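# Architecture and fold: a report
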Amino acid sequence: MAKPACFSVKAFSATAPTAPLGATVIERRSPTPTDVQIQILYCGVCHSDLHFARNEWGFTQYPAVPGHEIVGRVTAIGGGVKKFKVGDTVGVGCLVDSCRTCPNCRVGLEQYCDAGMTGGTYGGTEKHLGTPTLGGYSQSIVVTEDFVLRMPANLNLAAAAPLLCAGITTWSPLRHWKVGPGQKVGIIGLGGLGHMGVKFAKAFGAHVVLFTTSPGKTADAKKLGAHEVVVSTDATQMAAQAGSFDFILDTVSANHDLNAYFNLLKREGNFVLVGAPEKPLAVAAFALIFRRRSFSGSLIGGLPETQEMLDFCGKHNITCDIEMIRMDQINGAYERMLKSDVKYRFVIDLASLR
Ligand code: NAP
Ligand code: ZN
Ligand code: ZN
């Protein structure tokens, strides 16, 4: 396959695990017949961006451009593009491609592609150029139309950007495990993912309990939809919840004790991990084998369910609670994220890069 021509765009990259992010120029392919070229307007800041920039998962190639909560406007399309036209408002999440032929891709679960995360928006492989994919901390991106999403017209675009990862990552397990009325559901951690988990679990009709290490977030958690808030460092508050949950979703980004939460599940209750801390987490067998409890994981979401989630958010007017930053404020934003001090998602205004 001949390599397409490229064009240059401004971006912010990390050049080493300990280096702050800084300005750079990267190459994007010119749109091939099925591609959509997007001017990026806003990009959310996911904790995965920080794990990746600092090589905490061990597979980062430098220079690394994070960012997978992208919203923008279509500025050019390839000759064969059918779903989008110039001027459309679109989104791009954690995936820009997949093998498209394996059993998982064929049912719209591209995040579980048998070829692995080769189509990651960053940290994947740009199959036209043979280079690592580069994410949304940049002026524009070129994506094959099948991995581009339609943004509901009524939503504030900046506040909708984090739906592309924080939204779908919490939506997918809540939907898969059919969380709804009559169930008691726990969400652990009130960060980017957690605050969307609270909003969705509430919207699906569950009784929602937020677990936090930050007592100062209690009032916000209730405003966001939590019926109860438990400060997880308070053993008395934790003990009062023992054996009472149908479902718990764990969004914590750092090391923590899972077993304390397993003990809060009812018989056959289910604990789903979406947080992806750097180091392995310990599981105590007894916390699971008593009451036949389940422990599972979940990775982002496929393209059809992401569009379904966006449409639901449009219909119910659901967006994220955000703090807007300039691109050059990203390093300070990462430090605040590490202190669990984000209300509740940073979003970069990419006009600051132009
Ligand atoms: P975030 O905004 O930084 O939120 C994480 C929250 O976890 C914090 O706000 C804090 O909430 C809690 N927390 C942090 N350190 C803690 C500790 N040491 N002990 C207990 N609680 C702690 O991060 P995020 O963007 O929501 O991402 C969360 C995690 O999910 C990250 O590891 C990210 O890589 C991962 N992720 C996974 C997927 C997937 O597909 N599975 C997708 C996206 C992100 P409180 O202040 O309320 O305690
Ligand atoms: Zn993410
Ligand atoms: Zn596949």
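The structure this text deals with has already been given above.
A few points on the structure.

What counts as what
Numbering of residues starts from 1 in each chain and follows the order in which that chain's sequence is written. Naming scheme: in the order in which they are written, chains are lettered from A and ligands are numbered from 1. The predicted nature of this model means local features are confined to residues of pLDDT at least 70 and side-chain atom pairs, given and counted, to a pLDDT of 80 or more, with totals for whole chains, interfaces and linings taken over all residues. By convention in this description, side-chain values take in all heavy atoms of the structure and omit both hydrogens and water. When DSSP finds at least two bridges between two strands, those strands are taken to pair. Each helix is a run of H or I in the DSSP string that is no shorter than four residues. Each strand is a run of E no shorter than two, and both are numbered from the N terminus. Comment: axis = line fitted to C-alpha atoms, over the contacting stretch for helices; angle = value between 0 and 180 degrees taken between N-to-C directions. Contact definition: two residues touch when any of their heavy atoms are within 4.5 Å. Whether a residue is buried, partly exposed or exposed follows from its accessible area with a 1.4 Å probe, protein chains only, as a fraction of its type maximum: under 20%, in between, or over 50%, in that order. This arc is built from the directions going out from the helix axis to the C-beta atoms. Each metal site is built from N, O and S donor atoms within 2.8 Å (3.2 Å for Na, K and Ca), and since water is not included, such sites may look incomplete. Tetrahedral means four donors with every angle between 85 and 135 degrees, whereas square planar (four donors) and octahedral (six donors) require angles over 155 degrees between opposite donors and between 65 and 115 for all others; sites fitting neither are termed irregular. Only a single heavy atom is needed: when it lies within 4 Å of a molecule or strand, its residue is near that molecule or strand. Here a polar contact is recorded for every N or O atom pair within 3.5 Å, except that within protein the pair must consist of a potential hydrogen donor and a potential acceptor, and residues adjacent in sequence are included only if both atoms are side-chain atoms. Areas reported as accessible are Shrake-Rupley estimates using a 1.4 Å probe. Residue values count occlusion only from the protein chains shown. Charged means Asp, Glu, Lys or Arg here, nonpolar means Ala, Val, Leu, Ile, Met, Phe, Trp, Tyr, Cys or Pro, and polar covers whatever is left, Gly included. The source of the domain bounds is an automatic or database domain assignment.

### Looking at the sheet that holds strand β12 (residues 228-231)
Reading across from one edge, β12-β11-β10-β13-β14-β15 is the order of the six strands in this open sheet, with parallel pairing throughout. A single partner strand is all that each edge strand has here, and the edge strands are β12 and β15 (294-297). Sheet twist, expressed as the mean angle between neighbouring strand axes with direction ignored, is 20 degrees. Bridge count between strand β10 (residues 184-188) and strand β11 (residues 207-212): five bridges; the pairing is parallel. Paired with Val185 across the two strands is Val208, which belongs to β11. Its contacts with the sheet place helix α4 (residues 166-176) against β10, β13 (245-250) and β14 (265-273), and it is angled at close to 155 degrees to β13.

### Notes on helix α11 (residues 330-338)
Every buried residue of α11 is accounted for by Ile330, Ala333, Tyr334 and Met337. When α11 is viewed along its axis, its buried side chains cluster within an angular range of 100 degrees and face the same direction. Backbone geometry just after α11 places Ser340 at a positive phi near 55 degrees.

### What to know about the coordination of the zinc ion (ligand 3)
Protein-derived ligands of the zinc ion (ligand 3) are Cys99 (SG), Cys102 (SG), Cys105 (SG) and Cys113 (SG), with the metal-ligand distances lying across 2.3 to 2.4 Å. Classification of the site at the zinc ion (ligand 3) as tetrahedral follows from its four donor atoms and the range of 102 to 121 degrees in their angles at the metal. All donor residues of the zinc ion (ligand 3) come from one chain, and their arrangement in sequence is C-x2-C-x2-C-x7-C. Taking the relative accessible area as the measure of exposure, Cys99 reaches 28% and is therefore partly exposed. The exposure class assigned to Cys105 is buried, which follows from its relative accessible area of 8%.

### Quick word on the site of ligand 1
Every one of the 30 residues lining ligand 1 counts as a neighbour, but His47, Thr212, Thr213, Ser214 and Arg345 are closest to it. In this structure, His51 approaches ligand 1 through a side-chain N or O atom, which is 2.8 Å from an oxygen atom. Alone, ligand 1 offers 930 Å² of accessible surface; in the complex the protein occludes 90% of this. Of all elements in the fold, only α1 (47-53) and α5 (192-203) reach the threshold of two or more residues within the shell around ligand 1. It is α1 that contributes the most residues to the shell around ligand 1, three residues altogether. By residue class, the composition of the shell around ligand 1 is twelve nonpolar, 16 polar and two charged. Mapping the shell around ligand 1 onto the domain boundaries places at least three of its residues in each of domain 1 (6-165 + 321-352) and domain 2 (167-297).

That is the geometry; function is a separate question.
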